[in-house]
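Each chain, letter by letter, is given below.
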Amino acid sequence: MLDLKMVLEHPEEVEQRLSTRGGSLDLSPLRELGARRRAAITERDNTRAEQKALSDAFRNPGLTPDQREELRQRSRALGERIATLEGEVARIEEEVRDVLLNLPNLPHASVPVGTDASDNVVLRTVGTPRTFDFTPREHWEIGESLGILDFEAARRISGARFVVYRDLGARLERALAAFMLDLHVSRGYREVFTPFVVQRDCMVGTGQLPKFAEEAYVATDDLYLIPTAEVPVTNLHRGEILEASQLPIRYAAWSACFRREAGSHGKDVKGMTRVHQFQKVELVKFVAPETSYEEHESLVRDAEEVLVRLELPYRVVSLCTGDLGFAAARCYDIEVWLPGQNAWREISSCSNFEDFQARRANIRYRPAPGEKPRLVHTLNGSGLAIGRTIIALLENGQQADGSVRIPQALRPYLGGVETIGP
RNA sequence: GGAGAGAUGGCCGAGUAGGUCGAAGGCGCUCGCCUGCUAAGCGAGUACACGGGGUUGACUCGUGUCGCGGGUUCGAAUCCCGCUCUCUCCGCCA
């Protein structure tokens, strides 16, 4: 959420910067609401001050009954006026909030301007895609032929876009979670484990709601299945004032993630590139504003380290304004090379939200004792999506005989297994 | 699921025959003093939000906020109603 005061003070700049995301935008209704809000608040406060003065006059013991009655009448009239104005302010503020909650974040100045993914900028490519002396297969073929991925079973129990892991596949899922968490913890992240369902406020806090309601699974009791651990972990500090000495706070969290994928009919229907439930290790940071862009760089490096250790070729892409997520001020995607699909595919998305989420979730810190609290900056990134990591391991590690080589770093987590064979 | 207790500032904790309570006291923190280190002591300060003025985050004025919402009243942290949450005991349970 953007700051109302800032938007009202710099409307042209906000319009201009938001317009780089594509689509048209007219802030004039918001500006009009802002003016009405201010007028109503001023009048309400002035009327209250008047009533307060009358109340004070009441304490004068020398009043005659007539005078008392007159004061009572006047005060009551003011009270009615105040009630009216209070209703008006509340109504206007709700409208303002409605507009603000649906406004995306301002892209940072360093974000390349563009309309879609083709305008994204590749920052670096790390590792070299392997050359094959056979035609590399896609992950679902490999996984099914090895008996470690079972899409048929998943369809039977949960429907389309789910996957069942078996045997070393199931163990691989578990091994990767442990491997990633251990790596991040060794680099300064605190491991945290949170619920997979959250209350509505959390979803609003991180920006999934109200705009993207159709993407979320809703349980009964107004609980939502989390689409990423970002939601519960970021909301861990909702409503708090943190001490400057606590910052930066860095968390690593493993969780299942649930997504309806409502807008992606027909996309990635084969395999498990796009499924309704996957597991992910998420990195979340709470930092002082001055440091958030450095922290963004180091966040990506931390995610990249997983790929380096797993010997997977990847590239880092800076999303252009048109491709940037709703809440992000800047976002780097990490794309892993998939020889079976002959394509780079997103395996991590690392964003700096600046104070966009912090304002929604009211997460602040005190820069120094005695100073006024300020909003923190929040960041998060996948470190990594486990399902897609398995895809990458299968496609990059496949060998002519149908087996898959497991990278060195992962073997201790798989009880020393070096290859997964049929 | 049953019974009871409670929700006050960064934390702890006073405050119920309604007014001068944003709220005693303590802790913590900040600044200063004192003490030749340390510890102790003394003094001052220390909530957040919104709106106005302004040297436009110094400062200043106004208003609101004692879990949330509503009611009574000229006026409510204090009275009434509803809700939410937390804790304790019992039951059930991975």
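Residues numbered from 1 in each chain as written. Chains lettered and ligands numbered in written order. Predicted model: local features only at pLDDT ≥ 70, side-chain atom pairs only at ≥ 80, totals over all residues. Heavy atoms only, no water.

**Things to note about the packing of helix α3 (residues 28–57) against helix α4 (residues 65–101)**
Argument step 1. It is the contact of α3 with α4, at a shortest axis distance of 8 Å, that shows an interaxial angle of 155°. Our classification of the angle between α3 and α4 gives roughly antiparallel. Between α3 and α4 lies a crossing of left-handed hand.
Argument step 2. Per-class residue counts for the contact of α3 with α4 are 15 nonpolar, four polar and 12 charged. (Axes fitted to C-alpha atoms, helices over the stretch in contact; angles between N-to-C directions. Helix = DSSP H or I, 4+ residues; strand = E, 2+ residues; numbered from the N terminus. Parallel < 35°, antiparallel > 145°, perpendicular 65-115°, else oblique. Left-handed = near helix turned anticlockwise from the far one by under 90°. Nonpolar A, V, L, I, M, F, W, Y, C, P; charged D, E, K, R; others polar.)

**Comments concerning the packing of aromatic side chains**
Each aromatic ring pair is summarised here by two numbers: the centre-to-centre distance and the angle between the ring planes.
Argument step 1. In total, this model carries nine aromatic pairs according to the counting rule given.
Argument step 2. Measuring from centroid to centroid gives 5.3 Å for Phe212 and Phe326, while their planes differ by 80°, and the two rings are edge-to-face. On the criterion of sequence distance, the pair formed by Phe212 in the loop between α8 (200–206) and β6 (223–225) and Phe326 in the loop between β10 (314–318) and β11 (330–338) is long-range, its members being 114 residues apart.
Argument step 3. For Phe326, a relative accessible area of 11% puts it in the buried group.
Argument step 4. Members of the aromatic cluster, connected to one another through ring pairs, are Phe193, Phe196 and Trp254. (Phe/Tyr/Trp six-rings, centres within 6.5 Å; stacked < 30°, edge-to-face > 60°. Buried < 20%, exposed > 50% of the residue type's maximum accessible area, 1.4 Å probe, protein only.)

**Quick look at the domain arrangement of chain A**
Argument step 1. Domain annotation for chain A reports domain 1 (4–101) and domain 2 (117–420).
Argument step 2. With four residues of domain 1 at the interface, the matching set in domain 2 holds nine residues.
Argument step 3. A per-residue breakdown of the area domain 1 buries against domain 2 is headed by Thr20, Arg21 and Leu101, which together make up 88% of the total.
Argument step 4. The interface formed by domain 1 and domain 2 holds six residue pairs in polar contact (both at pLDDT 80 or more) in total.
Argument step 5. Across the side of domain 1 that touches domain 2, the residue classes break down as one nonpolar, one polar and two charged. (Domains from an automatic or database assignment. Contact = heavy atoms within 4.5 Å. Buried area = accessible area lost by both parts, 1.4 Å probe. Polar contact = N/O pair within 3.5 Å; in protein donor to acceptor, adjacent residues only side chain to side chain.)

**Examining the pattern of salt bridges**
Argument step 1. Per the stated rule, a full pass over the model turns up 25 salt bridges.
Argument step 2. A salt bridge links Lys285 to Glu295; the nearest nitrogen and oxygen atoms lie 2.6 Å apart. Taken together, the residues Lys285 in strand β9 (residues 277–287) and Glu295 in helix α10 (residues 292–309) connect sequence positions 10 residues apart.
Argument step 3. By relative accessible area, Lys285 is classed as buried at 0%.
Argument step 4. Looking at Glu295, the relative accessible area reads 9%, which means it is buried.
Argument step 5. When salt bridges with common partners are traced through the structure, they connect Arg44, Asp45, Arg48 and Glu86 into a single cluster. (Salt bridge = Lys/Arg side-chain N within 4 Å of Asp/Glu carboxyl O.)

**Some points on the protein's contact with RNA strand B**
Argument step 1. Around RNA strand B sit 22 residues in total, of which Arg38, Arg72, Ser75, Arg76 and Arg366 are the nearest.
Argument step 2. Take Thr42: an N or O atom from its side chain is 2.9 Å from a sugar or linking oxygen of RNA strand B.
Argument step 3. Here Lys52 contributes a side-chain N or O atom positioned 3.2 Å from a phosphate oxygen of RNA strand B.
Argument step 4. Contributions of two or more residues to the surface near RNA strand B are made by α3, α4 and β13 (364–366).
Argument step 5. When residues of the surface near RNA strand B are assigned to their parent elements, the largest contribution, 10 residues, is made by α3. (Near = heavy atom within 4 Å.)

**Section: helix α7 (residues 168–186)**
Argument step 1. When the terminal C-alpha atoms of α7 are compared, their 26 Å separation across 19 residues agrees well with the 27 Å that a helix rising 1.5 Å per residue should span.
Argument step 2. Taken residue by residue, α7 has Gly169, Leu172, Glu173, Ala175, Leu176, Ala177, Phe179, Met180, Leu181, Leu183 and His184 as its buried positions.
Argument step 3. Where α7 ends, the next residue or the one after it, Gly188, has phi of about 105°, a positive value. (Expected span 1.5 Å × (residues − 1).)

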